[in-house]
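Here's the letter readout for the chains.
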Amino acid sequence: MLPITGYLPTSLVDFPGKIASIYFVAGCNLRCPFCHNSSLFEIKKESLISRETIIPEIKRRSKFIDGIVFSGGEPSLYDDLIDLMKEIRNETGLAIKLDSNGLRPEFIKKALPLISYIAIDIKTTPDKYAELGSPYPAAEVERLMKTTAELIEKSEVAAEYRTTMYPPIVESHERLYHLAEFVPAKANWFLQRFVSDHAYLPAAQASTSYSIEQLERMVTELRNETHRDKIFVRAYIH
Ligand code: SF4
């Protein structure tokens, strides 16, 4: 079952350069304290969008949109989504973007030939993923993150990585520098400002954020040390 439980008919900001419809897939393999989509953790049967209605709806709107985004929750948990992506490609020709936390490279491998843009949320270094409710030990997180980065680097798909700068899990420059190892060289990497409103856990709701000026300094230092120029500040969570 593919638990799509949310739908936004038109977005101008979620798929760079495209007007897109967004489908939200429920369920996630993490529990990030700063998550803004915790309403998607559980699959609510009453909210399920029938699989049969999706292609007709996309066809109906195809004059007004250029692309489809699958977001979550964590869309990569569901292999059935690959079939839906194939149908969208074959029946509408619309471009597809996937949002993912990158912890299911076997899914990413199957999705890459079907999509034109991928956005990976990379949270922190593997040893801190336990604080995000990861079901995997650190060594396995490292393997999964590296495999996903290698697949994306070798593909033709445009990529962005983004890190929500929640101070308790990206508390030092050394950690950020280490995190750069897991970001493909071709990807734009956004350090996005943590916003405490609507965060999942009370501790995150009470947390401070880095200022834009602090984030800009981090980006400058990271660019110099990693010799990458595609690192940016994003002032909001995306
Ligand atoms: S931020 Fe993303 S990966 Fe983390 S719990 Fe929320 S939906 Fe899952």
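Since we're looking at a predicted model, the values are computed, not measured.

Peer 1: Just give me the short version of the overall build of the protein chain, but keep the residues and values in it.
Peer 2: For the protein chain, the helix and strand inventory stands at seven helices and eight strands. Here the C-alpha atoms of the protein chain give a radius of gyration of 17 Å, agreeing with the 18 Å that 2.2 N^0.38 yields for 238 residues. Here the C-alpha coordinates of the protein chain stretch approximately 50 × 35 × 35 Å along the principal axes. The buried share of the protein chain, reckoned over its 238 residues, is 51%. Long-range pairs, those at least 24 residues apart, make up 72% of the contacts in the protein chain with a sequence separation of at least 6. With an accessible surface of roughly 10,900 Å², the protein chain has 52% of that area assigned to carbon and sulfur atoms. Charge separation in the protein chain, taken as the distance between the mean sites of 29 positive and 32 negative side-chain charges, equals 4 Å.

Peer 1: Run through the site of the ligand, naming residues and quoting values.
Peer 2: With respect to spatial proximity, the complete set of residues near the ligand consists of Cys-28, Leu-30, Arg-31, Cys-32, Cys-35, Phe-41, Gly-73, Asn-101 and Lys-123. Of the residues contributing to the shell around the ligand, the split by class is five nonpolar, two polar and two charged.

Peer 1: So what about the nonpolar core? Which residues, and what values?
Peer 2: Core analysis: the biggest nonpolar cluster contains 65 residues, and Phe-70, Leu-98, Ile-118 and Trp-189 have the highest contact counts within it. Setting aside anything within four residues of it in sequence, one finds Leu-98 in contact with Phe-70, Pro-75, Leu-81, Met-85, Phe-107, Ile-108, Ala-111, Ile-115, Tyr-117, Ile-118 and Ala-119. With six residues, the next largest nonpolar core counts Phe-15, Ala-20, Ile-22 and Ala-95 among its residues.

Peer 1: Requested: an account of the pairing of strand E2 (residues 18-25), with residues and values cited.
Peer 2: Where strand E1 (residues 4-15) lies against E2, six bridges are found, and the strand directions are antiparallel. In the sheet register, Gly-6 faces E2, and the bridge partner there is Phe-24. The antiparallel hairpin formed by E1 and E2 contains two residues in its connecting segment, where Gly-17 sits at a positive phi of about 80°. Here six bridges tie E2 to strand E3 (residues 67-72), and the two strands are oriented parallel to one another.

Peer 1: An account of the packing of aromatic side chains is requested, with residue identities and associated values reported.
Peer 2: One pass over the structure, following the stated rule, counts seven aromatic pairs. With centroids separated by 5.5 Å and ring planes inclined at 55°, the aromatic side chains of Phe-34 and Tyr-166 adopt a geometry described as tilted. Of this pair, Phe-34 sits in the loop between E2 and helix H1 (51-61) while Tyr-166 sits in the loop between strand E6 (158-165) and helix H5 (173-179), and the two are 132 residues apart along the sequence. Accessibility expressed as a relative area gives 6% for Phe-34, which makes it buried. Among the residues examined, Tyr-166 registers a relative accessible area of 5% and is labelled buried. The structure contains a cluster of three or more aromatic residues connected by ring pairs, namely Tyr-7, Tyr-23 and Phe-70. Cation over ring: Lys-18 sits above Phe-15, and NZ or CZ is 5.9 Å from the ring centre. When the ring centre of Phe-190 is taken as origin, the NZ or CZ atom of Arg-234, which lies over that ring, is 3.9 Å away.

Peer 1: Any chance you could break down a nonpolar patch on the surface for me, citing the residues and the numbers?
Peer 2: Together, Leu-12, Val-13 and Ile-19 give the surface a local cluster of nonpolar side chains, amounting to about 290 Å² of exposed area. Of the residues examined, Ile-19 reaches a relative accessible area of 32% and is grouped as partly exposed.

Rules and cut-offs
Residue numbers run consecutively from 1 along every chain, following the written order of its sequence. Given that this is a predicted model, residues contribute local features only at a pLDDT of at least 70 and side-chain atom pairs are listed and counted only at 80 or more, while totals for whole chains, interfaces and linings are drawn from all residues. The side-chain quantities take in all heavy atoms of the structure and omit both hydrogens and water. Secondary structure elements follow DSSP: runs of H or I of four or more residues count as helices, runs of E of two or more count as strands, with numbering from the N terminus. This radius of gyration counts C-alpha atoms alone. The globule rule is 2.2 Å times how many residues there are, raised to the power 0.38. Whether a residue is buried, partly exposed or exposed follows from its accessible area with a 1.4 Å probe, protein chains only, as a fraction of its type maximum: under 20%, in between, or over 50%, in that order. Throughout, a contact is declared for two residues whenever any of their heavy atoms are within 4.5 Å. The Shrake-Rupley method, run with a 1.4 Å probe, gives the accessible areas here. Residue values count only the displayed protein chains as cover. This count recognises Lys and Arg as positive and Asp and Glu as negative, with His and chain-terminal groups excluded. Throughout, a charge is located at the NZ atom of Lys, the CZ atom of Arg, the CG atom of Asp or the CD atom of Glu. Residues are classed as near a molecule or strand on a simple rule: at least one heavy atom within 4 Å of it. Polar here means any residue outside two lists: the nonpolar Ala, Val, Leu, Ile, Met, Phe, Trp, Tyr, Cys and Pro, and the charged Asp, Glu, Lys and Arg; Gly therefore counts as polar. In this description, a nonpolar core means a group of buried Ala, Val, Leu, Ile, Met, Phe, Trp, Tyr and Cys residues linked to one another through side-chain atoms lying within 4.5 Å. One requirement defines pairing of two strands: DSSP has to find at least two bridges between them. Side-chain rings of Phe, Tyr and Trp, where Trp is taken by its six-membered ring, are said to pair if the distance between their centres is within 6.5 Å; with planes under 30 degrees apart they count as stacked, over 60 as edge-to-face, and otherwise as tilted. Two thresholds decide whether a charge sits over a ring: the Lys NZ or Arg CZ must be within 6 Å of the ring centre and within 35 degrees of the ring normal. Residues enter patches when their relative accessible area tops 30% and they take part in no salt bridge; the joining distance is 9 Å for like charges and 5 Å for the nonpolar side chains Val, Leu, Ile, Met, Phe, Trp and Tyr. By salt bridge we mean one thing: a side-chain nitrogen of Lys or Arg within 4 Å of a carboxyl oxygen of Asp or Glu.

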